[in-house]
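Structure assessment
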Amino acid sequence: CFKKLDLLTDPAKAIDKWVADHPGTARRGVLLGTAAMRPQQYQQLLAGFPDNAAPLEASHTLRALMRVKRPRELTAIRRGCEILSAAAGVLAEAQRAGVNVTAAVLEAERAANAMGAQDVRSLFSLDGGATLRPFSSLIERAVDPLHVSLAILHAGYWVEGLVLCSNKPHAVRERVGAALRALTSQAKAGATAADLADAVMEAIKPYKPHPMIGACIGNGIGMALEEAPRLDAKGGAVLEAGAVYTLCAGATDGKQHAMLSAMVLVGESGCEVLWTAA
């Protein structure tokens, strides 16, 4: 078990001390998340290990262990989904009231923070849902439809949702909602990403896939916003019992655009929908 965690300000020096403190008992190290390290720091880290004891890269093994969620993890994720649901409700209410984009999104973020969110990240659209963007300035006008992506961190676990709020009839949204319901109804252990993506493609006809989603209908989620696997139609990912995924569907007719998502806990014969925008 870990006795102490320290910042790695001098990787080579830290490894030298670690090897010296454990002569003959701990000569092999394990590295996690090296893809996010600066190349120079990574090389310094490797140089600190003895020539015959190169460290093992264990990120893939760790990600595999993270996929199946334990009961306490699921409790945190379910609470996060409750916060997401409340924030999405506040957003929809503000949009119906004609509130400007900045105020509507901030009201949703404040609602999430008031319920215990550790972090809230928002993206929104000013072009009817064709693209999503972060805040770079105040947007003092209302838009309809209002597309927002909300990502919420609670108790160390992420949840996220694609939301579309509109006071007007929205044919593409209706079709995407149906596609998302079809997607969640087929999500179960052993289902392949390719088959699920095909189901979405069929369900959104006659519309085209939204370019921001394309053939990728989701990914794993938990301690990271994007955990393995990536559910791409061209990949070989398979849903696993006990894992939590964010699933999404999107479509466009060139003028109207819609993206919606759901959070699901996969079981052997189906899934539990933890949150959905459909």
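Everything below is about the structure shown above.
Keep in mind that what you see is a predicted model, and the values were worked out from it rather than measured.

Section: the nonpolar core
Judged by nonpolar contacts, the single largest core of 67 residues is most densely connected at Leu91, Ile152 and Met263. In terms of residue count, helix 4 (residues 71–96) provides more of this core than any other element does, 11 residues in total. Filtering out sequence-adjacent residues up to four positions away, Leu91 remains in contact with Ala104, Val105, Ala108, Leu146, Val148, Val163 and Cys165.

Observations concerning the environment of Gly267
Tracing the chain through its elements places Gly267 in the loop between strand 10 (257–266) and strand 11 (271–276). Judged by relative accessible area, which is 24%, Gly267 ranks as partly exposed. Sequence separation between Gly267 and Val244 is 23 residues; the distance between their C-alpha atoms is 9.7 Å. Setting aside residues up to four positions removed in sequence, Gly267 forms contacts with Lys188, Ala189 and Ala241.

Some words on the sheet that holds strand 5 (residues 157–165)
Read across the open sheet, the three strands follow the order 3-4-5; overall the sheet is antiparallel. Two strands close off the open sheet at either side, each with one partner strand: strand 3 (119–124) and strand 5. Neighbour-to-neighbour, the strand axes of this sheet turn through a mean angle of 15°, independent of strand direction. With nine bridges connecting them, strand 4 (residues 146–154) and strand 5 associate as antiparallel partners. Paired with Ala151 across the strands is Glu160, a residue of strand 5. Strands strand 4 and strand 5 of the sheet are contacted by helix 4, whose axis makes an angle of about 25° with strand 5.

Concerning a nonpolar patch on the surface
Where nonpolar side chains cluster on the molecular surface, the patch consists of Val30, Leu32, Leu56 and Leu62 and spans about 340 Å² of accessible area. Within the secondary structure layout, Leu62 lies in helix 3 (residues 59–67).

Here we look at the packing of aromatic side chains
If you walk through the whole model with that rule in mind, you get one aromatic pair. With 4.5 Å between their ring centres and 40° between their planes, Phe124 and Phe135 make a pair best called tilted. Within this pair, whereas Phe124 is found in strand 3, its partner Phe135 is found in the loop between strand 3 and strand 4, the two being separated by 11 residues in sequence. Classification of Phe124 by relative accessible area gives buried; the value is 0%. Looking at Phe135, the relative accessible area reads 32%, which means it is partly exposed.

Description of helix 5 (residues 101–114)
The first and last C-alpha atoms of helix 5 sit 20 Å apart over 14 residues, in line with the 20 Å expected at 1.5 Å per residue. Taken together, the buried positions of helix 5 are Val101, Thr102, Ala104, Val105, Ala108, Glu109, Ala111 and Ala112. N-capping of helix 5 is provided by Asn100, with a side-chain oxygen placed 3.1 Å from the backbone N of Thr102. Phi for Gly116, located one or two positions after helix 5, is positive at around 110°.

So, the environment of Ala251
The topology assignment puts Ala251 in strand 9 (residues 244–252). Accessibility expressed as a relative area gives 0% for Ala251, which makes it buried. Separated by 51 residues in sequence, Ala251 and Val200 have C-alpha atoms that sit 9.6 Å apart. Discounting chain neighbours no more than four positions away, the residues touching Ala251 are Val172, Val176, Ile204, Tyr207, Lys208, Pro209, His210, Gln256, His257 and Ala258.

Observations concerning the packing of helix 1 (residues 11–21) against helix 2 (residues 39–47)
As a packed pair, helix 1 and helix 2 sit with axes 7 Å apart at the nearest point and diverge in direction by 20°. Compared by their axis directions, helix 1 and helix 2 come out roughly parallel. Remark: the crossing between helix 1 and helix 2 carries right-handed chirality. Counted together, Pro11, Ala12 and Ile15 of helix 1 and Gln41, Gln44 and Leu45 of helix 2 form the full contact between these two elements.

A few points about the pattern of salt bridges
The tally for this structure, following the rule as stated, stands at eight salt bridges. Between Arg67 and Glu240 there is a salt bridge; the shortest N-O distance is 3.2 Å. Of this pair, Arg67 sits in helix 3 while Glu240 is found in the loop between strand 8 (227–232) and strand 9, placing the two residues 173 residues apart along the sequence. For the salt bridge of Glu82 with Arg79, the shortest nitrogen-to-oxygen distance reads 2.9 Å. Pair noted here: Glu82 and Arg79 are both in helix 4, with a separation of three residues, about one helical turn. The exposure class assigned to Glu82 is partly exposed, which follows from its relative accessible area of 44%.

Scoring rules and cut-offs
Residues numbered from 1 in each chain as written. Predicted model: local features only at pLDDT ≥ 70, side-chain atom pairs only at ≥ 80, totals over all residues. Heavy atoms only, no water. Core = buried A, V, L, I, M, F, W, Y, C linked by side-chain atoms within 4.5 Å. Buried < 20%, exposed > 50% of the residue type's maximum accessible area, 1.4 Å probe, protein only. Helix = DSSP H or I, 4+ residues; strand = E, 2+ residues; numbered from the N terminus. Contact = heavy atoms within 4.5 Å. Pairing = 2+ DSSP bridges. Axes fitted to C-alpha atoms, helices over the stretch in contact; angles between N-to-C directions. Patch = residues over 30% accessible without salt bridge, like charges linked within 9 Å, V, L, I, M, F, W, Y side chains within 5 Å. Areas by Shrake-Rupley, 256 points an atom, 1.4 Å probe, with all protein chains shown as cover. Salt bridge = Lys/Arg side-chain N within 4 Å of Asp/Glu carboxyl O. Phe/Tyr/Trp six-rings, centres within 6.5 Å; stacked < 30°, edge-to-face > 60°. Expected span 1.5 Å × (residues − 1). Polar contact = N/O pair within 3.5 Å; in protein donor to acceptor, adjacent residues only side chain to side chain. Parallel < 35°, antiparallel > 145°, perpendicular 65-115°, else oblique. Left-handed = near helix turned anticlockwise from the far one by under 90°.

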